[in-house]
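Chain and residue survey
In case you want the letters, here they are:
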Amino acid sequence: MNETGNLKIKFTLNGKPIEYMVKPNWTLLDLLRKELSVLSPKEGCSRGDCGACTVLLNGKPVNSCLVLAPQIDGKEIVTVEGLIEDKEFKALKETFIEKGAVQCGFCTPGIIVSAVALLREKGNPTVQDIEEALEGNLCRCTGYIRIIEAVKQAAEKLQKTS
Amino acid sequence: MGYLEELLVKEGLSLVGKRVSRPDALDKVLGRPLFTADKLTRGMLWAKIVRSKYPHAIIKRIDKGKALGVPGVLTVLTAEDIPGENQIGYAIPDQPLLAMDKVRFVGEPVAVVVAENEEAAEKGAELVEIEYESLPAVFDPLEALKPVAPRIHESGNIATTTIIRKGDVEKGFREADVIVENTYKTQRQEHAYLETETVIAVPEINKVTILACMQSPWLIRRMVAKVLGYKQSKVRVIELPAGGAFGGKDDMIPMIAPIAALAAVKTGKPVFLMFKRDETFEASNKRHPSIIRYKSGATKDGKLVAVEIEIIYETGAYANRGPFVLWRATAHAAGPYEVPNVKVDGKLVYTNRVFSGSFRGFGDPQIHFAAESQMDELAAKLGMDPVEFRLKNILKPGLTTTCGQVVDQSVGVEEALRKLAEKINWEKRKREIEEYNRESKRKLKGIGVACAYHGISTSRGAPDWSAAAVIINEDGTITYKGGICRLGQGSLIGHAKIVAEILGVPLSYIQIEGPDTDAIPEARPTHGSRGLMTGGTAAADAASKLRRNIVRVASEMLECKTEDIEIKDALIYVKPDPSRNIPFSEAAKELYVRGYETAAYGFYRAPKRFFDPKTGLGVAYGVYVYIVNIAEVEVDTWTGQVKVERVHTAADVGKAIDPDLIEQQFHGAIAQGLGLTLTEDIVFSDGKILNNNYTDYVIPTVKDRVEVPTVVLVEQPYKGAAFGAKGVAEAALIPTPPAITNAIRHATGIRFKELPVTPEKVYFALKKRRGEKS
Ligand code: FES
Ligand code: FES
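Residues numbered from 1 in each chain as written. Chains lettered and ligands numbered in written order. Predicted model: local features only at pLDDT ≥ 70, side-chain atom pairs only at ≥ 80, totals over all residues. Heavy atoms only, no water.

1. Let's talk about the sheet that holds strand S16 (residues 443–455) of chain B
All names here are of chain B. The condition is simple: Strands were regarded as paired on the criterion that DSSP finds at least two bridges between them. Comment: elements are numbered from the N terminus, with helices defined as DSSP H or I runs of at least four residues and strands as E runs of at least two. A fitted line through C-alpha atoms represents every axis, and for helices the fit uses only the stretch in contact; the resulting angles, taken between N-to-C directions, go from 0 to 180 degrees. Residues are treated as being in contact if the distance between any of their heavy atoms lies within 4.5 Å.
Taken in spatial order, the four strands make up an open sheet running S16-S26-S27-S30, and their pairing is mixed. Both outer strands of the open sheet, S16 and strand S30 (711–714), are each paired with one neighbouring strand and no more. The average undirected angle you get between the axes of adjacent strands in this sheet is 15 degrees. In the sheet, strand S27 (residues 642–652) pairs with S30 via four bridges, with the strands oriented parallel. In the strand pairing of S30, Ala651 is matched with Leu713. Along the sheet, helix H19 (residues 736–748) makes contact with S16, strand S26 (624–636) and S27, crossing S16 at roughly 150 degrees.

In structure tokens:
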């Protein structure tokens, strides 16, 4: 910590090591969006209710608006920008587009990050597994029908190719 | 033949009517920076609105001193800093941009702090000192109507009234064998789009540019110009895709863009203004709460003879869109049925709560909740099946609506109802459910139907038009500049399909651009389910003009008659001899070389309508979209929990430009209707909203999802629009609440007349019916 109370933290962001001076009260979401211009996590509520800001922290989906920047010191952060070559992400990308699971798209990156974490953990998730994985991700546009279908289909695709 | 007639009979369509995968989906999946908040850059100032903490008070004094002392705060703006008019009322000039002498709801904007960063803006906003003298407030519309009630506006507490007098209701009720009379109440609903209201204002020399999520670019331009005292040409509005809108951003962005613009012009710097989630809950428009007294009469053979309806819509502190919302409810009050005698009286009432406004359905969900509950109660009294009873009264070509309008075309509600009932085997399903209920102890099932209609675009003879532009680029690609906003509904994708179909190119040739007021003439707002129909028709007009040029230049190049030219998949060929052909791109280049026009504006104009304000009779809307929902529910009689198992839906869409995009709209609309029916409700204490977040205000999650297994699209084309297509974005929400409550009635025998139907209400109603003490 320096005399202004700022802290230097080290973490990896989408595979790249980063060192950054942060204020102790910054959230991870602020750090990503306002400081580092990583814009796929969206701000929907800033209080952990909507899931639009979901990112992977050491592989686990978290609401980045609830994580303080100093907490990620030494950790690994992954956002959609870092998932482009990931096989689960690729499958989800295809099925979300095919199934028409995207309307306004504001919830989409957060939902896909949650779904990537699910598919990495469970190759063959049940509908209930999907519901549980996505329960923290609100969507006001789609009624979720296509989202469930898209995740299901992505899982099937991955099963076939593996 | 005009271009619209040509399109109606066009054969061999390659895009229109087919499902395509959305061209906007990839960017959204990748989380690319599409949204307004993604455009925030360093150097932009932050604006923070200082809001009233009182529901009703006189502003005695505003002290900016302490706020100005906060490092980073550049200025604090109040009503007196407004160079133009401090007036943003939509229907009635009753609403200031920044409160002047009085505040009328908790959350009303009073001042705006502009600072170098977010923290300073927030700190400054806390330190603006406003001295108030509290006034007695009124929170209930029925209280507000009493003569002793505190006056919210000088004109009194009634913002507007509406009437319809069709036939003679007294005579009608004399002919009735059964009469049903009930009072229905609906609540305040929040749009709850994931992206809060966000605006960027960029000052330029004698000009200001607005970038934002929005629904009404040209209204925003008018409002900004009015507040700044600018000419319209000095304001440029650029639409960015919205993270959901549902009517909320139709009203809200024109109310806040002028604040950002004012801050930008005063400081000379770009300004960023974004609502926090609690601000959206507390200070943005809501669905109008309603109280509807509804009396209906029918003969014993099942003919509706009269309806008499009193509607009260609570508009909150300001009229905003209320007069139009109330009018829409009034005009649709009898539902999609022919009723010979109709009397409707509507009142729009002020209270000291956050103002109401546009929300998917625009007044129609409330009135259909009442109308369609009544239909089932009448059917029950008559001992008739609800579908059968509806079919006896349903609108058909040649019959008249609530306000006496003869509907002459695209009236597919009967077909929709018949087909849906048949497809899901209504009779059999109903019997199965009744049998199940006889055996079941704890869980009861029910099935319910509701029909609805919804006039497209604006009403009451108000002029209506739209515009669009198409440019053929030299390499054969097409730039489509739409006037309809991107809310996630995909209207512009529909337009692009129309343009591609007409020009004979694949959809991938079309670059879709959202509205920019400096690029195309006014296209009017994206509301009232008008986007596809009015904007798509303008797009078709522009594309048809350019097709004529392409055909002409190609006939010169291929040395044949223009009638012999055909274009498909970007290949232009001579019909009798397809081996004589040229690629679209070559013809495009030749347009430039030979001096043909390579760009065109297209326009849509609504047919002239007539309306008599004295009787409420006339041609209210050019055309209506019709929709039928059938809901299946399961009620847990131990807990009062209602599970909506599925909703089947059928609609007359005129022509499905894209059946899949339509289905997407149905899914979302039904989900919002589900929330409206079962959980969503804004709760106040002394005028302050208590549930100002997603934890306390419950919208459906993935676990509450309702399956929509049956979708029937009826296509009775509307001749006034490209390919006959009508809009559908709002439709499926409207009959969702009554379909569900009719299903609950079928399951339990209990009629719920107030929304939301919470487990508590169900539990206690069941308990009361069992005759137990509560
Ligand atoms: S912004 Fe983080 S959960 Fe909503
Ligand atoms: S697509 Fe709009 S919130 Fe999910």
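2. Description of the domain arrangement of chain A
The following threshold applies: The split into domains, and so the bounds of each, comes from an automatic or database assignment of domains.
Along its sequence, chain A is carved into domain 1 (7–45 + 65–77) and domain 2 (87–161). Taken over C-alpha atoms, the centre of domain 1 of chain A sits 25 Å from the centre of domain 2 of chain A.

3. Describing the side chain of Arg321 of chain B
Residue and element names in this part refer to chain B. Note the following rule: Burial classification: accessible surface area is computed with a 1.4 Å probe over protein chains only, and a residue below 20% of its type maximum counts as buried, one above 50% as exposed, and the rest as partly exposed. Any pair of nitrogen or oxygen atoms within 3.5 Å is treated as a polar contact; in protein, a donor-acceptor pairing is required on top of that, and neighbouring residues in sequence qualify only through side-chain atoms on both sides.
Locating Arg321 in the fold gives a position in the loop between strand S14 (304–316) and helix H10 (322–331). Taking relative accessible area as the criterion, Arg321 reaches 1% and is therefore assigned buried. Side chain to side chain, Arg321 and Asp251 meet in a polar contact 3.4 Å long. Setting aside residues up to four positions removed in sequence, Arg321 forms contacts with Tyr90, Leu219, Asp250, Asp251, Ser358, Phe362 and His527.

4. Here's the deal with helix H8 (residues 248–267) of chain B
All names here are of chain B. Operational definition: Working rule for helices: expected span equals 1.5 Å times residues minus one. Fitting axes to the seven residues that end at a residue and to the seven that start at it, the angle between those axes gives the bend at that residue.
Taking 1.5 Å as the rise per residue, H8 with 20 residues should run 28 Å; its terminal C-alpha atoms sit 29 Å apart, in good agreement. Its axis deflected by about 30 degrees at Pro254, H8 carries its strongest bend there. Across the 20 residues of H8, 17 count as buried, placing the element largely inside the fold. Looking one or two places after H8, you find Gly268, whose phi comes out positive at around 75 degrees.

5. Describing the environment of Ala496 of chain B
Residue and element names in this part refer to chain B. Examined against the element boundaries, Ala496 turns out to sit in helix H15 (residues 491–503). Judged by its relative accessible area of 0%, Ala496 is buried. In the structure, Ala496 is positioned 17 residues away from Thr479 in sequence and 9.4 Å away in space, judged by C-alpha atoms. In contact with Ala496, other than residues within four places in its own chain, are Leu507, Ile510 and Ile512.

6. Examining the packing of helix H2 (residues 87–99) of chain A against helix H5 (residues 145–161) of chain A
All names here are of chain A. Stated formally: Angle categories are assigned with fixed cut-offs, so that under 35 degrees is roughly parallel, over 145 is roughly antiparallel, 65 to 115 is roughly perpendicular, and the rest are oblique. When the near helix sits turned anticlockwise from the far one by under a right angle, the crossing is termed left-handed; a clockwise turn instead gives a right-handed crossing. Think of it as three bins: nonpolar holds Ala, Val, Leu, Ile, Met, Phe, Trp, Tyr, Cys and Pro, charged holds Asp, Glu, Lys and Arg, and polar takes everything else, Gly as well.
One can describe the packing of H2 onto H5 by two numbers: an axis separation of 8 Å at closest approach and a directional angle of 135 degrees. When the axes of H2 and H5 are compared, the pair comes out oblique. The interaxial crossing formed by H2 with H5 has right-handed handedness. Where H2 approaches H5, its residues Lys87, Glu88, Ala91, Leu92, Glu94, Thr95, Phe96, Glu98 and Lys99 are matched on the opposing element by Arg146, Ile147, Glu149, Ala150, Val151, Gln153, Ala154, Lys157 and Leu158. Grouping the constituent residues of the contact of H2 with H5 by class yields eight nonpolar, two polar and eight charged.

7. Points about the nonpolar core
Our working rule: Remark: nonpolar core denotes a set of buried residues (Ala, Val, Leu, Ile, Met, Phe, Trp, Tyr, Cys) joined through side-chain atoms within 4.5 Å.
Of all hydrophobic cores here, the largest spans 176 residues; its most connected members are Ile572 and Phe584 of chain B. When residues in this core are grouped by element, the largest group, 13 residues, is from helix H16 (residues 531–558) of chain B. Both domains that meet at this core, namely domain 1 (3–33 + 465–605) and domain 3 (290–459 + 612–773) of chain B, each give it at least three residues. With sequence-adjacent residues up to four places away left out, Phe584 of chain B is seen in contact with Ile472, Gly476, Ile478, Leu503, Val505, Ile550, Ile567, Ala570 and Ile572 of chain B. Among the nonpolar cores identified, the runner-up in size contains 106 residues, and Leu83 and Leu119 of chain A together with Leu97 and Val199 of chain B belong to it.

8. Overview of the sheet that holds strand S4 (residues 102–103) of chain B
Residues and elements named next belong to chain B. Taking strand neighbours across the sheet as the criterion, the three strands line up as S4-S2-S6 in an open arrangement whose pairing is antiparallel. Looking at which strands have only one partner, the edges of the open sheet turn out to be S4 and strand S6 (129–134). With six bridges joining them, strand S2 (residues 57–63) and S6 adopt antiparallel strand pairing. What sits directly across from Ala57, in S6, is Ser134.

9. Section: the interface of chain B and chain A
For clarity, the threshold we go by: Using a 1.4 Å probe, buried area is obtained as the accessible area two parts lose upon being combined, added over both of them. Salt bridges are counted wherever a side-chain nitrogen of Lys or Arg sits within 4 Å of a carboxyl oxygen of Asp or Glu.
Counting residues at the interface gives 58 residues for chain B and 47 residues for chain A. Summing both partners gives a buried area of about 4200 Å² for chain B against chain A, and 59% of it is carried by carbon and sulfur. The interface formed by chain B and chain A holds eleven salt bridges in total. Measuring nitrogen to oxygen at the nearest pair gives 2.9 Å for the salt bridge that ties Lys42 of chain A to Asp38 of chain B. Remark: the boundary between chain B and chain A carries 25 residue pairs in polar contact (both at pLDDT 80 or more). At the level of elements, helix H2 (25–29) and helix H18 (659–678) of chain B are the ones that each hand at least two residues to the side of chain B that touches chain A. Ranked by residues supplied to the side of chain B that touches chain A, first place goes to H18 of chain B with eight residues. Across the side of chain B that touches chain A, the residue classes tally to 24 nonpolar, 16 polar and 18 charged.

10. Re the packing of aromatic side chains
Residue and element names in this part refer to chain B. Applicable threshold: Each Phe, Tyr or Trp ring (for Trp, its six-membered ring) is paired with any other whose centre lies within 6.5 Å, and the angle between the two planes then decides the class: stacked below 30 degrees, edge-to-face above 60, tilted in between. Placement of a positive charge over a ring is assigned whenever Lys NZ or Arg CZ falls within 6 Å of the ring centre and within 35 degrees of the normal to the ring plane.
Scanning all chains against the criterion turns up 16 aromatic pairs over all chains. Plain terms: the ring middles of Tyr54 and Tyr132 are 4.7 Å apart, the flat faces sit at 40 degrees to each other, and that makes the pair tilted. Of this pair, Tyr54 sits in the loop between strand S1 (45–51) and S2 while Tyr132 sits in strand S6, and the two are 78 residues apart along the sequence. Geometrically, the ring pair formed by Phe281 and Tyr694 is edge-to-face, given 6.1 Å between the ring centres and 85 degrees between the ring planes. Of this pair, Phe281 sits in helix H9 (residues 277–283) while Tyr694 sits in the loop between strand S29 (688–689) and S30, placing them 413 residues apart in sequence. One aromatic cluster is present, formed by Tyr453, Tyr621, Tyr624 and Tyr626 through successive ring pairs. Between the NZ or CZ atom of Lys249 and the centre of the ring of Tyr193, over which it lies, the distance is 4.3 Å.

11. Here we look at the pattern of salt bridges
A full pass over the atoms with the stated rule returns 79 salt bridges over all chains. In this structure, Glu663 of chain B engages Arg146 of chain A in a salt bridge whose closest nitrogen and oxygen atoms are separated by 3.3 Å. Remark: Arg146 of chain A occurs in helix H5 and Glu663 of chain B occurs in helix H18; the pair is interchain, linking two chains. When its relative accessible area of 5% is taken as the criterion, Arg146 of chain A is described as buried. Among the ionic contacts, a cluster of salt bridges with common partners joins Asp30, Lys34 and Glu43 of chain A together with Glu118 and Lys276 of chain B.

12. Side note on the domain arrangement of chain B
Many descriptions give the size of an interface as the accessible area lost when the pieces come together. Residue and element names in this part refer to chain B. In terms of domain boundaries, chain B breaks down into domain 1 (3–33 + 465–605), domain 2 (36–135 + 197–274) and domain 3 (290–459 + 612–773). One C-alpha centre belongs to domain 2, the other to domain 3; they are set 37 Å apart. The contact between domain 2 and domain 3 buries some 1700 Å² in all, and 58% of this surface belongs to carbon and sulfur atoms. Ranking the residues of domain 2 by area buried against domain 3 places Tyr90, Phe105 and Phe246 at the top, with a combined share of 32%. Summed over the shared surface of domain 2 and domain 3, the number is two salt bridges. The element best represented in the side of domain 2 that touches domain 3 is H8, accounting for five residues. Looking at the side of domain 2 that touches domain 3, its residues break down into eleven nonpolar, four polar and five charged.

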